[in-house]
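# Structural overview for review
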Amino acid sequence: MNKRIVFIMNPISGTSNKAGIPELIANTLDTSLFDYEIKYTEHAGHAFELASEAKDDGADIVAAIGGDGTVNEVARAIVHSETALGIVPCGSGNGLARHLLLPMQLKKSIELINHCQIHELDYGIINGHPFFCTCGMGFDAFVSMKFAEAGKRGPITYAENILKEGLKYKPETYEIEDESGTMRYKAFLISCANASQYGNNAYIAPQASMSDGLMDVIIMEPFDVIEAPQISIDMFNKTLDKNSKIKTFKTKKLHIHRNEPGLIHYDGDPIMEGKDIEVEIKPKGIKIIVNPFADKSLRKPNALQTAACELFNEINLLRDDIAKQGNKALAISKKLQRKLNK
């Protein structure tokens, strides 16, 4: 008996024209193995409704055609079920697809569905909202809001928002509690990652895995105008976890308290929440079609990228040492001046 696939297409997500996708599916999907239908979203939340109906109707696979928002809606409708998630990436970021090393070319992504290799993978929940790539608060939630308001999608819009707003953003103080205890940080952002990147190959958590039952927690400490470009470079070079301004750890569950209510995001979707945030990982909670031919070494930095990051960290440590010595010399000078003035 053929497997049944329901494709759910968001006609307005991303930057590409989707008019030719139905014909591409008809010509590429192996119809000796699959029966399929295509359904179109008409409003926000519709992908969740369509995916829920497909799951309840016994579909073997629900494939999201769109970006991370469409993928999130479809995925959260089918968690803890026998229905698997397929992804035909054509959004602006495609974070989950890129982490899974799925091809960005539409034809190749459909061909991959023909192989139908399915793995049980983890997903996360932040204050009741499922996420499959990342969630967080602080500056990345602020950028998610700006990105949603921009009306344009893609890495240029993302970079514009970072450059315009980043150095003006005020860090917040967070109290973070996990299995090992409670810590207090002043941070530019806190991100909890199930997968390695936001999208557009911006790696917030290069070591993150969707099959280890843990999330990677990334705490970005305040930085200055000199350090900002290197942090951006490290994100795209997969070396952010080696940056001296970054603290990381892995955990199953997290409680975060902040002084004021504010924005959080889940898979780039911003929402207002209160002072207390609960985040947890649900191990092996969703079935996803993966790439059986994926080269996982592509997630790792090369030797040149690693060396460049290490060099910058050494320079940064030297800057910190010079600054400390300067402050010490200034303190001694002031002390001597006070004595001379007596």
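Here is a short report on the structure shown in this document. A quick note: this is a predicted structure, and the numbers were derived from the prediction, not measured.

## Points about the pairing of strand S11 (residues 215-220)
Most of S11 sits out of view: 6 of its 6 residues are buried. The alternating pattern of S11 places Met 215, Val 217 and Ile 219 on one face and Asp 216, Ile 218 and Met 220 on the opposite face, and all of these are buried. Where strand S10 (residues 189-193) meets S11, 5 bridges bridge the pair, whose relative direction is antiparallel. Considered in S11, the bridge of Ser 191 is made with Ile 218. Relative to strand S12 (residues 246-251), S11 runs antiparallel, the two being bridged by 6 bridges. The residue of S12 that forms the bridge with Asp 216 is Lys 250.

## Here we look at the nonpolar core
One finds Leu 85, Leu 96, Leu 100 and Ile 286 to be the most contacted residues of the largest nonpolar core, which totals 32 residues. Broken down by secondary-structure element, the contributors of at least two residues to this core are strand S1 (3-9), helix H2 (46-56), strand S3 (61-66), helix H3 (68-78), strand S4 (84-89), helix H4 (95-99), strand S5 (118-126) and strand S16 (276-289). In terms of residue count, H3 provides more of this core than any other element does, 5 residues in total. Counting residues in each nonpolar core, the second largest holds 21 residues, with Ile 126, Tyr 185, Met 215 and Ile 264 among its members.

Rules used throughout
- Residues numbered from 1 in each chain as written.
- Predicted model: local features only at pLDDT ≥ 70, side-chain atom pairs only at ≥ 80, totals over all residues.
- Heavy atoms only, no water.
- Buried < 20%, exposed > 50% of the residue type's maximum accessible area, 1.4 Å probe, protein only.
- Helix = DSSP H or I, 4+ residues; strand = E, 2+ residues; numbered from the N terminus.
- Pairing = 2+ DSSP bridges.
- Core = buried A, V, L, I, M, F, W, Y, C linked by side-chain atoms within 4.5 Å.

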